[in-house]
Amino acid sequence: MARLSDFRDFDVALPGGGTAYARLTGRADGPLVVVAGGISADRAPASDAGRRGWWEWAVGPGAPVDTDRLAVLAIDWLPAAGAAPDRPVTTQDQARAIAAALDALGRTRADAFVGASYGGCVGLAFAELFPERIGRLVALSAPHRAHPTATAWRGVQRRILELGREAGREAEALSLARQLAMTTYRTTEELGLRFGGAPPPAVVGAPHPVCDWLIARGEAHAARADAQRQIILTDSLDRHAVEPERVAGPLTVVGFTDDRLVPIADLHELAARASNLCRFVEAPSVFGHDAFLKEREVVGRALRTALLPLPACPEFAA
C-alpha cells in the first residue's frame, strides 16, 4: 500500500511571488481531495500525533473524507502571519495557490474539492477559474457572493481590529471581534437553550454567563490569531463573487436554514443557477453557520455520498 507515514508539509512557490504552505496526508496513490475550511482554518484538517485537526471528525482514517482511501491536500490561507500584501487578497488568489500546490505535487487536477464556509467560496472560485482541474465540488455553507448583512457584521469586526491596533491593544481587539463573530455564527435558539434563565451577575456591568462564554472563546482565538491577517481574510470574504453558471464539475451544495451569515435563499440561488448541480442538501440546525462543524450526521452523509464515486485505490479495485 502506498501511503504517507503521517503527513507531509511542503512549501509552494506562487506564480506572482511569495510562498504558500501546504500539507498532504492520506494515501499517496489515492484520489486527491482538497479540503478547505473557514478563515480560521489551516493546512491541518485531520489530527496528527501532536495536534487536533480543525475538522478531525470529518477527515481521517475511516472518516467521511477517508484518509485510508484518499490523499488530502490542504493549505494555510494567504497571507502568512505577519505578511502585508499591497492589494486585497481574493478567493481567486487562494484558488491559484491551491493550483500551485497541485503543480508542486505533479497532479494535473483534484478529483474532488470539499470546502466549508470561506473554503467553499474558494472551491467555487477554483471551479470557475480551473474547470479542467477539478472533478467534483462540495460547497458547505458557502455562497457565490457575500450577503450585505454578513458584510456589515464583518465590517464592524474590522473596525474593532483597526481601533485595537491603533491603540496598542491588539489582543483585546481580537478577542472582542471574535466575540461579535460568535454571535453571528450561532443562533438565538442555541444561546437561549444554553444560557436562558441563568442568574445575572451580582455586580453592575459584570459579564453575564453568555458573556463569560464569549470572552473565553475570544481569548482563545486571540492567543493564536493576527489582527492584520484577520482584517485581510474577512475583507477577502466580503469581496467574494463568482458566476454560478461557470462553476465546473458536479456540484453538491449543503446549507442550513438557520444560518444567518449565509441565508438559505442565497444557496437556493447558487443551486438554481449552477450549470451542473448534482445534489442540494438543506437542513435546520441550532448551530447556525457553525453547523458544518457540528452536524456530523448531515454533513458526514453528504460528504460520503459525494466522495464514494471517486475511483478506488488499486488494492480496492475489482
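Residues numbered from 1 in each chain as written. Predicted model: local features only at pLDDT ≥ 70, side-chain atom pairs only at ≥ 80, totals over all residues. Heavy atoms only, no water.

(A) A look at the sheet that holds strand 8 (residues 134-140). Overall, mixed pairing links the 8 strands, which are arranged 1-2-6-3-7-8-9-10 in an open sheet. Pairing within the sheet leaves two strands with one partner each, and these edge strands are strand 1 (7-13) and strand 10 (277-283). On average, each strand axis in the sheet is tilted by 20 degrees relative to the strand beside it, whichever way the strands run. Examined bridge by bridge, strand 8 and strand 9 (residues 251-256) share 4 bridges and lie parallel to one another. Considered in strand 9, the bridge of Leu140 is made with Val254. Where helix 1 (residues 91-105) meets the sheet, its contacts fall on strand 1, strand 2 (19-26), strand 3 (32-36), strand 6 (71-75) and strand 7 (110-116), and the angle it forms with strand 1 comes to roughly 115 degrees. (Pairing = 2+ DSSP bridges. Helix = DSSP H or I, 4+ residues; strand = E, 2+ residues; numbered from the N terminus. Axes fitted to C-alpha atoms, helices over the stretch in contact; angles between N-to-C directions. Contact = heavy atoms within 4.5 Å.)

(B) Region of the structure containing the packing of aromatic side chains. Using the criterion set out here, one finds 7 aromatic pairs in the structure. Between the aromatic rings of Trp55 and Trp57, the centroid separation amounts to 6.2 Å while the plane-to-plane angle is 80 degrees, which identifies the pairing as edge-to-face. With relative accessibility at 0%, the residue Trp55 sits in the buried group. Following the ring pairs from residue to residue traces out a cluster consisting of Trp54, Trp55, Trp57 and Phe292. Over the aromatic face of Phe287 sits the side chain of Lys294, whose NZ or CZ is 5.9 Å from the ring centroid. (Phe/Tyr/Trp six-rings, centres within 6.5 Å; stacked < 30°, edge-to-face > 60°. Buried < 20%, exposed > 50% of the residue type's maximum accessible area, 1.4 Å probe, protein only. Lys NZ or Arg CZ within 6 Å of the ring centre and 35° of its normal.)

(C) Summary view of the packing of helix 3 (residues 148-167) against helix 7 (residues 227-239). Where helix 3 contacts helix 7, the axes come no closer than 10 Å and their chain directions differ by 160 degrees. Considered as vectors, helix 3 and helix 7 are oriented roughly antiparallel to each other. In this structure, helix 3 meets helix 7 at a crossing whose hand is left-handed. Residue-level inspection shows Ala150, Thr151, Arg154, Arg158, Leu161, Glu162 and Arg165 of helix 3 in contact with helix 7, the latter providing Ala227, Gln228, Gln230, Ile231, Thr234, Asp235, Leu237 and Asp238. Counted by class, the contact of helix 3 with helix 7 contains 5 nonpolar, 4 polar and 6 charged residues. (Parallel < 35°, antiparallel > 145°, perpendicular 65-115°, else oblique. Left-handed = near helix turned anticlockwise from the far one by under 90°. Nonpolar A, V, L, I, M, F, W, Y, C, P; charged D, E, K, R; others polar.)

(D) Broad picture of the state of the cysteines. For the coordinates displayed, the defined rule picks out 0 disulfides. Between Cys121, a cysteine without a disulfide, and Cys278, which holds the nearest cysteine sulfur, the sulfur-to-sulfur distance is 20 Å. (Disulfide = S-S within 2.5 Å.)

(E) Geometry of helix 2 (residues 118-129). With 12 residues, helix 2 extends 16 Å from end C-alpha to end C-alpha; this agrees with the ideal 16 Å at 1.5 Å per step. Most of helix 2 sits out of view: 11 of its 12 residues are buried. Within helix 2 the residues assigned to the buried category are Tyr118, Gly119, Gly120, Cys121, Val122, Gly123, Leu124, Ala125, Phe126, Ala127 and Glu128. (Expected span 1.5 Å × (residues − 1).)

(F) Expanded view of the side chain of Arg229. Among the structural elements, Arg229 can be located in helix 7. Despite its burial, Arg229 pairs with no opposite charge, the nearest such side chain being Asp76 at 6.1 Å. In terms of polar contacts, Arg229 uses its side chain to reach the backbone carbonyl oxygen of Trp77, at 2.6 Å. Setting aside anything within four residues of it in sequence, one finds Arg229 in contact with Asp76, Trp77, Pro79, Ala80 and Ala81. (Lys, Arg positive; Asp, Glu negative; His and termini not counted. Salt bridge = Lys/Arg side-chain N within 4 Å of Asp/Glu carboxyl O. Polar contact = N/O pair within 3.5 Å; in protein donor to acceptor, adjacent residues only side chain to side chain.)

(G) A look at the nonpolar core. Judged by nonpolar contacts, the single largest core of 60 residues is most densely connected at Phe10, Val12, Leu73, Trp77, Phe113, Phe126 and Leu137. In terms of residue count, the dominant contributor to this core is helix 1 (8 residues). Once you skip the residues sitting within four places of it in the chain, Phe10 turns out to touch Ala20, Tyr21, Ala22, Arg23, Leu24, Leu73, Ala101, Ala104 and Leu105. Ranked by size, the runner-up nonpolar core spans 28 residues in total, among them Val33, Ala46, Val65 and Leu310. (Core = buried A, V, L, I, M, F, W, Y, C linked by side-chain atoms within 4.5 Å.)

(H) Summary view of unusual backbone geometry. Cis geometry is found at the peptide bond from Leu78 to Pro79, where omega equals -5 degrees. Within the secondary structure, Pro79 is located in the loop between strand 6 and helix 1. Positive phi values are uncommon outside glycine, yet Ser117 reaches one of about 55 degrees. Looking at the element boundaries, Ser117 is found in the loop between strand 7 and helix 2.

(I) Geometry of the pattern of salt bridges. Taken as a whole and assessed by the stated rule, the structure comprises 27 salt bridges. Of the charged contacts in the structure, one is a salt bridge between Asp266 and Arg145, with a shortest N-O distance of 3.5 Å. Placement of the pair is Asp266 in helix 8 (residues 264-273) and Arg145 in the loop between strand 8 and helix 3, with a sequence separation of 121 residues. On the accessibility criterion, Arg145 (29% relative accessible area) is partly exposed. Across the pair Arg273 and Glu245 runs a salt bridge, and its minimum N-O distance is 2.8 Å. Here the residue Arg273 occupies a position in helix 8, and Glu245 occupies one in the loop between helix 7 and strand 9, the gap between them amounting to 28 residues. A single network of salt bridges, built from pairs that share partners, joins Arg145, Glu243, Glu245, Asp266, Glu269 and Arg273.

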